[in-house]
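This is what each chain is made of:
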Amino acid sequence: MGTEISEGCIFCRLIADPAVETLDRDDDVVALADINPQAPAHFLVVPRRHVETISALDDDRLLGRIFSMAHRLAAGRGLADSGYRLVFNQGPNAGQTVYHVHLHVLGGRQLTWPPG
Ligand code: AMP
Ligand code: ZN
């Protein structure tokens, strides 16, 4: 169910780099600002363990930690009342580009639906 670290994975490299600024972190999960934000608030909640896709993440406890960090960060940035969107892109049709699980947290503007 995933290795600890994968050679050549950008998120594994960021997580392991003490110079990279994180928005939040615990023993299992790290939150990073998205380098190409699609909304005024756009951050990524990333498990430390290298798992390629959300469909392969068979660990309820870790899933819970990902979601609770996302909600905590959103609330800390004043998004709790205005709202925010949580997105896992799974595979090619969803446009997944980084194959290390990450939960997008998007907010700070009115988001459209359906997504593109
Ligand atoms: P996805 O398309 O769901 O795989 O999302 C990958 C996300 O990772 C995109 O929103 C990218 O902007 C973001 N990203 C890629 N490289 C970095 C990086 N070095 N630091 C922060 N975010 C990144
Ligand atoms: Zn990785």
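Our subject in this report is the structure included herewith. Since we're looking at a predicted model, the values are computed, not measured.

Looking only at helices and strands, the chain features 2 helices and 5 strands. If you list the helices and strands of the chain from N to C, you get α-β-β-β-α-β-β. Its C-alpha radius of gyration of 14 Å places the chain within 12% of the 13 Å reference for a compact globule of 116 residues. Its C-alpha atoms give the chain principal-axis dimensions of roughly 35 × 30 × 25 Å. By sequence separation, contacts in the chain at least 24 residues apart represent 60% of the contacts at least 6 residues apart. Roughly 6,800 Å² of accessible area belongs to the chain as shown, and the carbon and sulfur atoms make up 52% of that amount. Here the chain contributes 10 positively and 14 negatively charged side chains, and the mean placements of these two sets differ by 5 Å.

On to the pairing of strand 3 (residues 41–47), then. It is a general feature of regular strands that their side chains alternate between the two faces of the sheet. Among the 7 residues of strand 3, 7 are classified as buried, and the element is accordingly described as predominantly covered. Going residue by residue along strand 3, you find Ala41, Phe43, Val45 and Pro47 tucked away on one face and His42, Leu44 and Val46 tucked away on the opposite face as well. In the sheet, strand 3 pairs with strand 5 (residues 103–107) via 5 bridges, with the strands oriented antiparallel. What sits directly across from Phe43, in strand 5, is Val105.

Looking at the metal site, the zinc ion (ligand 2) is ligated by Cys9 (SG), Cys12 (SG), His50 (ND1) and His100 (ND1), spaced 2.0 to 2.3 Å from it. For the zinc ion (ligand 2), the 4 donor atoms are set out with angles of 105 to 117 degrees between them, so the coordination reads as tetrahedral. Donor residues for the zinc ion (ligand 2), ordered by position in the chain, follow C-x2-C-x37-H-x49-H. Of the two residues, Cys9 sits in the segment before helix 1 (10–16) while His100 sits in the loop between strand 4 (84–87) and strand 5, which places them 91 residues apart along the sequence.

With 17 residues, helix 2 (residues 60–76) should cover 24 Å at 1.5 Å per step; its first-to-last C-alpha distance of 24 Å lies within 8% of that length. Every buried residue belonging to helix 2 is among Leu62, Leu63, Ile66, Met69, Ala70, Leu73 and Ala74, and all of these are buried. What you see down the axis of helix 2 is that its buried residues fit within an arc of 130 degrees, all on one side. Set apart from the buried face of helix 2 by more than 90 degrees, the exposed residues are Asp60 and Gly76.

Take the site of ligand 1 next. Taken together, 15 residues surround ligand 1, and among them Asp34, Asn89, Thr97, Val98 and His104 come closest. A distance of 3.0 Å separates an oxygen atom of ligand 1 from a polar atom in the backbone of Gly95. Relative to its free-state accessible area of 510 Å², ligand 1 is covered by the protein chains to the extent of 82%. The dominant element in the shell around ligand 1, judged by the number of residues it contributes, is helix 1, at 3 residues. A per-class count over the shell around ligand 1 returns 7 nonpolar, 7 polar and 1 charged.

Cut-offs and rules
Residues numbered from 1 in each chain as written. Chains lettered and ligands numbered in written order. Predicted model: local features only at pLDDT ≥ 70, side-chain atom pairs only at ≥ 80, totals over all residues. Heavy atoms only, no water. Helix = DSSP H or I, 4+ residues; strand = E, 2+ residues; numbered from the N terminus. Rg over C-alpha atoms; globule rule 2.2 N^0.38 Å. Contact = heavy atoms within 4.5 Å. Areas by Shrake-Rupley, 256 points an atom, 1.4 Å probe, with all protein chains shown as cover. Lys, Arg positive; Asp, Glu negative; His and termini not counted. Charge placed at Lys NZ, Arg CZ, Asp CG, Glu CD. Buried < 20%, exposed > 50% of the residue type's maximum accessible area, 1.4 Å probe, protein only. Pairing = 2+ DSSP bridges. Donors = N, O, S within 2.8 Å, 3.2 Å for Na, K, Ca; no water. Tetrahedral: all angles 85-135°; square planar, octahedral: opposite > 155°, others 65-115°. Expected span 1.5 Å × (residues − 1). Arc of directions from axis to C-beta. Near = heavy atom within 4 Å. Polar contact = N/O pair within 3.5 Å; in protein donor to acceptor, adjacent residues only side chain to side chain. Nonpolar A, V, L, I, M, F, W, Y, C, P; charged D, E, K, R; others polar.

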